[in-house]
Amino acid sequence: MKDDQDLLARALRDLARREGPAPTPPPVPALVRRGRRARRIRTATRAAAGALLASAAAFVILGGTGIGTGVGTGIAPAGAPPSAAPAGTPASSEGARRALDARSVLLAAAESAGHGPAAAGRYWHVRARTTQPVRHNPTFSARVAHTQDTWYAARRGAPSRTVTGQDPKITFASPQDEARWRRLGSPDLSGGKPSSNDYAMQLRFLIGNHRYTLRQLLALPADEERLAGLLRRLFDEEKPGDWWPGKPTFTSYVWTTAQDLLAGPLSPGTRSALYRLLAGQPAIRSLGEVTDPLGRTGVALTLTTPGSGAGAGESRLVVDVATGRLLAYELRPPGRSEPLIQTTYEEMGWVDRLGARP
């Protein structure tokens, strides 16, 4: 139980945000071939030049997690998935069998992401639904799902907004758990009524413990080696005492940054560079095609932190390779098949006013 609580605490610090629609690119197999061809060209070119490819990426830990849930913003984690189906559900047994290797998937996503639209709008909007355990009473087990909308202002001085606690849904682990809840008087597990909050200050994005405004995020390098160099410098500046239970590896730093920034307003070039940096990281695996809680098809990528205590477990990103869009994020405790926490990114994109949706 304590390990699960530790993992949940870490997950709540690591919730995230991601991007909007992109032009329809070629089919996935063609993109994969193009990604592999691009990799061969880059490798040959750099070998001839005697250059060394630096691998790196970004990790946004929001007071433990992602954008908008950062330290000092007072923003709650995004809501919960409308379906109980894990994002890791295979789209088909055939799809699971023909799983592509993670590097090929990430390079294909990089190719797609590079063709996305440039920044346009006054606000970056993210609509996310998150499911997590109800922390109420150890006598029963239940999960709560919420939807959250967040509008990040691009202009300094403009208000930002979150609308939290929307469409709550409680799911009990078993009829016995629901009966125990009723015997306790059926206490409210939803966390309260929906709440709309406007913020006068700019909401910050986090790369590790470094704070970035939306405009600074848009100015991140679009070249993978420059982005790698920046992230490596930020990683080296991180103090071990600022992390619990300890400073992560650089690969974990990159992976967790991607969980957050791929839901943020990155430029197409930066988004592509981030995927390429992920492709250069060790230990990331592909689980093949899956369907997310909304029924969308993507490829599940996973990174496992070994052990059984705090900080251990498996996190997954579900990516639409044809668009480079992040669909969902999951965190699983060691040895568990079901996610402890799951976030589905329903909408992402630029809008011109608070309250508008892409």
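Residues numbered from 1 in each chain as written. Predicted model: local features only at pLDDT ≥ 70, side-chain atom pairs only at ≥ 80, totals over all residues. Heavy atoms only, no water.

A closer look at the overall build of the protein
Then, in step 1: A count of helices and strands for the protein gives 9 helices and 12 strands.
Then, in step 2: For the protein, buried positions account for 56% of its 358 residues.
Then, in step 3: Here the contacts in the protein between residues at least 6 apart in sequence split such that 72% fall between residues at least 24 apart.
Then, in step 4: As presented, the protein carries roughly 15,000 Å² of accessible surface, and 53% of it is formed by carbon and sulfur atoms. (Helix = DSSP H or I, 4+ residues; strand = E, 2+ residues; numbered from the N terminus. Buried < 20%, exposed > 50% of the residue type's maximum accessible area, 1.4 Å probe, protein only. Contact = heavy atoms within 4.5 Å. Areas by Shrake-Rupley, 256 points an atom, 1.4 Å probe, with all protein chains shown as cover.)

Points about the environment of phenylalanine 172
Then, in step 1: One can find phenylalanine 172 in strand 4 (residues 160-172).
Then, in step 2: Residues phenylalanine 172 and valine 144, spaced 28 residues apart in sequence, show a C-alpha to C-alpha distance of 8.9 Å.
Then, in step 3: Beyond its immediate sequence surroundings of up to four residues, phenylalanine 172 is in contact with Phe140, Ser141, Ala142, Asp177, Glu178, Trp181 and Leu189.

Notes on the side chain of threonine 270
Then, in step 1: Considering the arrangement of structural elements, one finds threonine 270 in helix 9 (residues 268-279).
Then, in step 2: On the basis of relative accessibility, which here comes to 1%, the residue threonine 270 falls in the buried class.
Then, in step 3: Among the polar contacts listed, one links the side chain of threonine 270 to the backbone oxygen of proline 221, at a separation of 3.1 Å.
Then, in step 4: Beyond its immediate sequence surroundings of up to four residues, threonine 270 is in contact with Leu220, Pro221, Ala222 and Leu227. (Polar contact = N/O pair within 3.5 Å; in protein donor to acceptor, adjacent residues only side chain to side chain.)

Details of the packing of aromatic side chains
Then, in step 1: Inspection of the entire model under this criterion finds 8 aromatic pairs.
Then, in step 2: Three or more aromatic residues joined by ring pairs form one cluster here, namely Phe235, Trp243, Phe250 and Tyr253.
Then, in step 3: Taking NZ or CZ as reference, arginine 232 lies 3.8 Å from the ring centre of phenylalanine 250, over its face. (Phe/Tyr/Trp six-rings, centres within 6.5 Å; stacked < 30°, edge-to-face > 60°. Lys NZ or Arg CZ within 6 Å of the ring centre and 35° of its normal.)

Re unusual backbone geometry
Then, in step 1: Geometrically, the link from tryptophan 244 to proline 245 is a cis peptide bond, its omega value of 5° lying close to zero.
Then, in step 2: Looking at the element boundaries, proline 245 is found in the loop between helix 7 (224-237) and helix 8 (250-261).
Then, in step 3: If you check the backbone angles, aspartate 167 has positive phi at about 50° while not being a glycine.
Then, in step 4: Locating aspartate 167 in the fold gives a position in strand 4.
Then, in step 5: Positive phi is not limited to glycine here, since alanine 283 has a value of about 75°.
Then, in step 6: In this fold, alanine 283 is placed in the loop between helix 9 and strand 8 (285-291).

Looking at helix 4 (residues 102-113)
Then, in step 1: Given a rise of 1.5 Å per residue, 12 residues ought to cover 16 Å, and the 16 Å separating the end C-alpha atoms of helix 4 matches this to within 8%.
Then, in step 2: With 11 of 12 residues buried, helix 4 is to be regarded as a mostly interior element.
Then, in step 3: Of all the positions in helix 4, only Ala102, Ser104, Val105, Leu106, Leu107, Ala108, Ala109, Ala110, Glu111, Ser112 and Ala113 are classed as buried. (Expected span 1.5 Å × (residues − 1).)

So, the pairing of strand 2 (residues 123-133)
Then, in step 1: With respect to burial, strand 2 is a largely interior element, 11 of its 11 residues being buried.
Then, in step 2: When strand 2 meets strand 3 (residues 142-153), the two strands line up antiparallel, connected through 11 bridges. Considered in strand 3, the bridge of threonine 130 is made with histidine 146.
Then, in step 3: Taken together, the 9 bridges between strand 2 and strand 12 (residues 341-351) define a ladder with antiparallel strand orientation. (Pairing = 2+ DSSP bridges.)

Re the pattern of salt bridges
As a working rule, side chains carrying opposite charge can pair if their charged atoms are close by.
Then, in step 1: This structure, assessed with the given rule, holds 13 salt bridges.
Then, in step 2: A salt bridge links glutamate 111 to arginine 276, with the shortest nitrogen-to-oxygen separation between them at 3.8 Å. Taken together, the residues span a long stretch of sequence, with glutamate 111 in helix 4 and arginine 276 in helix 9 at a distance of 165 residues.
Then, in step 3: Looking at glutamate 111, the relative accessible area reads 17%, which means it is buried.
Then, in step 4: Under the relative-accessibility criterion, arginine 276 is labelled buried at 15%.
Then, in step 5: A salt bridge links arginine 296 to aspartate 292, with the nearest nitrogen and oxygen atoms 2.6 Å apart. (Salt bridge = Lys/Arg side-chain N within 4 Å of Asp/Glu carboxyl O.)

Description of the pairing of strand 12
Successive side chains on a regular strand alternate, one facing one side of the sheet and the next facing the other.
Then, in step 1: Of all 11 residues that make up strand 12, 10 are buried, and the element is covered over most of its length.
Then, in step 2: Bridge count between strand 11 (residues 325-332) and strand 12: 4 bridges; the pairing is antiparallel. Paired with alanine 328 across the strands is threonine 344, a residue of strand 12.

Overview of the packing of helix 4 against helix 9
Packed helix pairs are characterised by how far apart their axes lie and by the angle those axes make with each other.
Then, in step 1: In the contact formed by helix 4 and helix 9, the axes pass within 8 Å of each other and the chain directions differ by 175°. Relative to helix 9, the element helix 4 lies roughly antiparallel. From helix 4, Arg103, Leu106, Leu107, Ala109, Ala110, Glu111 and Ala113 reach across to helix 9, where they touch Pro268, Arg271, Ser272, Tyr275, Arg276, Leu278 and Ala279.
Then, in step 2: The residue inventory of the contact of helix 4 with helix 9, partitioned by class, reads 9 nonpolar, 1 polar and 4 charged. (Axes fitted to C-alpha atoms, helices over the stretch in contact; angles between N-to-C directions. Parallel < 35°, antiparallel > 145°, perpendicular 65-115°, else oblique. Nonpolar A, V, L, I, M, F, W, Y, C, P; charged D, E, K, R; others polar.)

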